[in-house]
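If you want the building blocks of each chain, they are given just below.
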Amino acid sequence: MKVGLVLEGGAMRGLYTAGVLDVFLDENIKVDGIIGVSAGVLFGVNYLSKQRGRAIRYNKKYAKDKRYMGLGSLIKTGNIINSEFAYYDVPFNLDKFDEETFEKSNTDFFATVTNVDTGKPEYIKVKNVLEQMELMRATSAMPYVSKVVNFENNKYLDGGISDSIPIEKCEDFGYDKIIVVLTRPIDYRKKKSNQLIPKIVYGKYPNLVKAINDRYINYNNSLEKIMKLEEDESIFVIRPSKTVKIKRVEKDKEKLQEIYDLGIQDCKNKIEYLKEYLEK
């Protein structure tokens, strides 16, 4: 039996996922492969490096640090999340990522990115987090507030644009059991966004424009598929039990702790059911 794990993104909502995965560590829940998107990748790698609490720790510590994220960084660098500080200073020096343990996990981990030229999702295997830090940037490069990221001769933005919840890709990989961690409650549906802004900002990338404009359709279709599979007990889903109002670039430490704690509690409430699902 092969167990796959799908991790939705959502910027700082991803701390919900961090809470869920920290309970996985506590309960020794193991998987054979992971497909993450955006924050699901950034926080999900800590599950394989077994660094419980790392995601909430550094996000709370640097939330209000001007070097980390915010309007100042956007104006100065073109990225609302400061690339040098968040992706290099923190994991290499300030709160070191345990690369050795990550690699020893022998667990396949794929980061979802959106190819700017094709508008299609790509799923790139993460073999070494520290050496592939530009891939980490690419999967989480939010449109409008991030520069396009060049990685391995291609241009990428946030994977959530083209495949927010890669459940179909996880099925294609042949996993027998699939766990999906969402960052929105069960009643959430994405609404149609302004269709002109993408064309104004990314007019030279027509396929990307289409992907952005179609995102709400694809996202909601993925949710419907997930709900049907969940009803059939084909997959196991963990999602927020309530709505926590949190900004994509949230600086309120209490809000960050709240969404993380919700992930902890929701997972604890479902952990025995998860174990039963995996043992069937």
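Now for a description of the structure that goes with this document. Values in this document were obtained by computation on a predicted structure and should not be read as measured data.

Each value, and the rule that gives it
- Residues numbered from 1 in each chain as written.
- Predicted model: local features only at pLDDT ≥ 70, side-chain atom pairs only at ≥ 80, totals over all residues.
- Heavy atoms only, no water.
- Helix = DSSP H or I, 4+ residues; strand = E, 2+ residues; numbered from the N terminus.
- Buried < 20%, exposed > 50% of the residue type's maximum accessible area, 1.4 Å probe, protein only.
- Contact = heavy atoms within 4.5 Å.
- Polar contact = N/O pair within 3.5 Å; in protein donor to acceptor, adjacent residues only side chain to side chain.
- Salt bridge = Lys/Arg side-chain N within 4 Å of Asp/Glu carboxyl O.
- Core = buried A, V, L, I, M, F, W, Y, C linked by side-chain atoms within 4.5 Å.
- Patch = residues over 30% accessible without salt bridge, like charges linked within 9 Å, V, L, I, M, F, W, Y side chains within 5 Å.
- Areas by Shrake-Rupley, 256 points an atom, 1.4 Å probe, with all protein chains shown as cover.
- Lys, Arg positive; Asp, Glu negative; His and termini not counted.
- Charge placed at Lys NZ, Arg CZ, Asp CG, Glu CD.
- Pairing = 2+ DSSP bridges.

So, the environment of Gly-4
Phase 1 of the analysis: On the secondary structure map, Gly-4 appears in strand 1 (residues 3–7).
Phase 2 of the analysis: Given a relative accessible area of 0%, Gly-4 falls into the buried group.
Phase 3 of the analysis: Expressed as a C-alpha distance, the spacing of Gly-4 and Asn-194, which sit 190 residues apart in the sequence, is 35 Å.
Phase 4 of the analysis: Ignoring any residue separated from it by four or fewer positions in sequence, one finds Gly-4 in contact with Gly-33, Cys-170, Tyr-175, Lys-177, Ile-178 and Ile-179.

Topic: the pairing of strand 7 (residues 177–181)
Phase 1 of the analysis: Most of strand 7 sits inside the fold, with five of its five residues counted as buried.
Phase 2 of the analysis: Alternating residues of strand 7 divide into Lys-177, Ile-179 and Val-181 and Ile-178 and Val-180, and every residue in both groups is buried.

Describing the side chain of Asn-46
Phase 1 of the analysis: Mapped onto the fold, Asn-46 is located in helix 2 (residues 39–48).
Phase 2 of the analysis: Under the relative-accessibility criterion, Asn-46 is labelled buried at 4%.
Phase 3 of the analysis: There is a polar contact of 2.8 Å between the side chain of Asn-46 and the side chain of Arg-54.
Phase 4 of the analysis: Once you skip the residues sitting within four places of it in the chain, Asn-46 turns out to touch Leu-25, Gln-51, Arg-54, Ala-55 and Phe-97.

Observations concerning the pattern of salt bridges
Between side chains of opposite charge, a pair can form when the charged atoms approach closely.
Phase 1 of the analysis: What the rule picks out here adds up to 16 salt bridges.
Phase 2 of the analysis: Ionic pairing is found between Lys-125 and Asp-108, a salt bridge with its closest N-O pair at 2.9 Å. Pair noted here: Lys-125 is in strand 4 (residues 121–125) and Asp-108 is in strand 3 (residues 108–115), with a separation of 17 residues, a long-range link.
Phase 3 of the analysis: Given the relative accessible area of 34%, Lys-125 is considered partly exposed.
Phase 4 of the analysis: For the salt bridge of Lys-280 with Glu-233, the shortest nitrogen-to-oxygen distance reads 3.2 Å. Of this pair, Lys-280 sits in the segment after helix 11 (253–279) while Glu-233 sits in the loop between helix 10 (206–231) and strand 8 (235–238), placing them 47 residues apart in sequence. Taken as a pair, Lys-280 and Glu-233 share a single burial class, namely exposed.
Phase 5 of the analysis: Where salt bridges share partners, they join Glu-27, Glu-272 and Lys-275 into one cluster.

Comments concerning the nonpolar core
Side chains that are nonpolar tend, in soluble globular proteins, to be buried together.
Phase 1 of the analysis: Membership of the largest hydrophobic core comes to 77 residues, with the highest contact counts inside it found for Leu-5, Leu-15, Phe-24 and Leu-274.
Phase 2 of the analysis: In terms of residue count, the dominant contributor to this core is helix 11 (10 residues).
Phase 3 of the analysis: Counting residues in hydrophobic clusters, the runner-up holds 17 residues, among them Cys-170, Ile-178, Leu-223 and Ile-226.

A word on a nonpolar patch on the surface
Phase 1 of the analysis: On the surface, a cluster of nonpolar side chains totalling about 510 Å² of accessible area is made up of Tyr-144, Leu-196, Ile-197, Ile-200 and Val-201.
Phase 2 of the analysis: The residue Leu-196 is located in the loop between strand 7 and helix 9 (197–202) in this model.

Overview of a negative patch on the surface
Phase 1 of the analysis: A contiguous patch of negative charge on the surface is contributed by Asp-252, Glu-254, Glu-258 and Asp-261.
Phase 2 of the analysis: Tracing the backbone through its elements, the reader meets Asp-252 in the loop between strand 8 and helix 11.

Some details on the pairing of strand 3
Phase 1 of the analysis: Among the eight residues of strand 3, seven are classified as buried, and the element is accordingly described as predominantly covered.
Phase 2 of the analysis: Here five bridges tie strand 2 (residues 33–37) to strand 3, and the two strands are oriented parallel to one another. Of the residues in strand 3, the one forming a bridge with Ile-34 is Phe-109.
Phase 3 of the analysis: Alignment of strand 3 against strand 4, held across five bridges, turns out to be antiparallel. Bridging from a neighbouring strand, Phe-110 pairs with Lys-125 of strand 4.
Phase 4 of the analysis: Remark: five residues form the turn of the hairpin made by strand 3 and strand 4, two consecutive strands paired antiparallel; Gly-119 in that turn has positive phi of roughly 75°.
Phase 5 of the analysis: Relative to strand 6 (residues 154–158), strand 3 is paired through three bridges, and the arrangement is antiparallel. Residue pairing for strand 6: Val-113 is matched across the bridge by Asp-158.

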